[in-house]
Amino acid sequence: MNRTVICPGSFDPVTLGHIDIIGRAAAMFDRVIVAVLINSAKKPVFTVDERIRLLEKALVGLDNVEIRSFDGLLAEYARKTGADAVVRGLRAVSDFEYEFQMSLTNKKLNPELETIFLTSRAEYMFLSSSIVKQIAVLNGDITNFVPECIHDEIKNRLAGNI
Ligand code: PNS
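Residues numbered from 1 in each chain as written. Predicted model: local features only at pLDDT ≥ 70, side-chain atom pairs only at ≥ 80, totals over all residues. Heavy atoms only, no water.

Asker: Please clarify how the sheet that holds strand β1 (residues 4–9) should be interpreted in this entry.
Answerer: If you trace the 5 strands from one edge of the open sheet to the other, you get β3-β2-β1-β4-β5, paired in parallel fashion. With one partner strand each, in any of the chains shown, β3 (65–70) and β5 (114–119) form the two edges of the open sheet. On average, adjacent strands in this sheet sit at an angle of 30° to one another, irrespective of strand direction. Pairing of β1 with strand β2 (residues 31–37) involves 6 bridges; the strand directions are parallel. Across the sheet, the residue bridging to Ile6 is Ile33, located in β2. Across the face of the sheet, helix α1 (residues 16–28) comes into contact with β1, β2, β3, β4 (85–90) and β5 while running at roughly 120° to β5. Together, β1, β2, β3 and β4 form the strand contacts of helix α3 (residues 74–81), whose direction differs from that of β1 by roughly 150°. (Pairing = 2+ DSSP bridges. Helix = DSSP H or I, 4+ residues; strand = E, 2+ residues; numbered from the N terminus. Axes fitted to C-alpha atoms, helices over the stretch in contact; angles between N-to-C directions. Contact = heavy atoms within 4.5 Å.)

Asker: Where do I start with the pairing of β1 in this structure?
Answerer: Two faces, one strand: in a regular strand the side chains alternate between the faces of the sheet. With respect to burial, β1 is a largely interior element, 6 of its 6 residues being buried. The two faces of β1 match: Thr4, Ile6 and Pro8 on one face and Val5, Cys7 and Gly9 on the other face are all buried. Crossover β1 to β2 through α1 is right-handed. (Buried < 20%, exposed > 50% of the residue type's maximum accessible area, 1.4 Å probe, protein only. Right-handed = clockwise from strand over helix to strand, strands pointing away.)

Asker: Any chance you could explain helix α2 (residues 48–58) here in plain terms?
Answerer: An α-helix turns once every 3.6 residues. As a result, residues three or four positions apart point the same way. Within α2 the residues assigned to the buried category are Val48, Glu50, Arg51, Ile52, Leu54, Leu55 and Ala58. Among the structural elements, α1, β2, β3 and α6 (148–158) are those in contact with the buried residues of α2.

Asker: Explanation requested: the pattern of salt bridges in the structure shown.
Answerer: Working definition: two side chains of opposite charge can pair if their charged atoms are close together. Counted by the stated rule, this structure contains 13 salt bridges. A salt bridge links Glu153 to Lys57; the shortest N-O distance between them is 2.7 Å. A residue pair is termed long-range when its members are at least 10 positions apart, and Glu153 in helix α6 and Lys57 in helix α2 qualify at 96 residues. Residue classification places Lys57 among the partly exposed residues on the basis of a relative accessible area of 39%. We note a salt bridge from Asp95 to Arg91, for which the minimum N-O separation is 3.0 Å. Its relative accessible area of 31% is what places Arg91 among the partly exposed residues. Salt bridges here are not isolated pairs; linked through shared partners, they connect Asp20, Arg24 and Arg121. (Salt bridge = Lys/Arg side-chain N within 4 Å of Asp/Glu carboxyl O.)

As structure tokens, then:
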């Protein structure tokens, strides 16, 4: 059977933690749609086009992964794309309540949609896009947090952006 999953997120910007989850999803499913949220309450620093381009560069070689953007409800987007499930990474207990709420809401809105949680690798437990932005803006070293091929682009974009 051909199984499609969505890895949704803000990806502002993509981190090694995201790449790890997407790579693991790509190994488990036939097709992975990385869906970048267009309108986020979080007011993204990177534009949708920038976030997509960074993801495209970082995910080169993963042939069953597509990068798209979406607006509105994830449950509706999943219905439209024929996705069977949503994959989310869980870092710590603190993620759980929000993720649980989101998963139950999506199930109510689209009963056919499953949510699958992958536990974060230990080395990425603390990692988030916000942490990367905070460090880069203060001219800190983000080498261990983002893919090497997009490191300079992220760094230059955020340097001095206080
Ligand atoms: O990377 P993030 O910011 O944690 O991703 C959050 C995301 C994009 C998965 C979530 O905000 C989302 O699905 N937004 C779309 C709106 C929606 O469907 N809301 C209802 C479910 S709570």
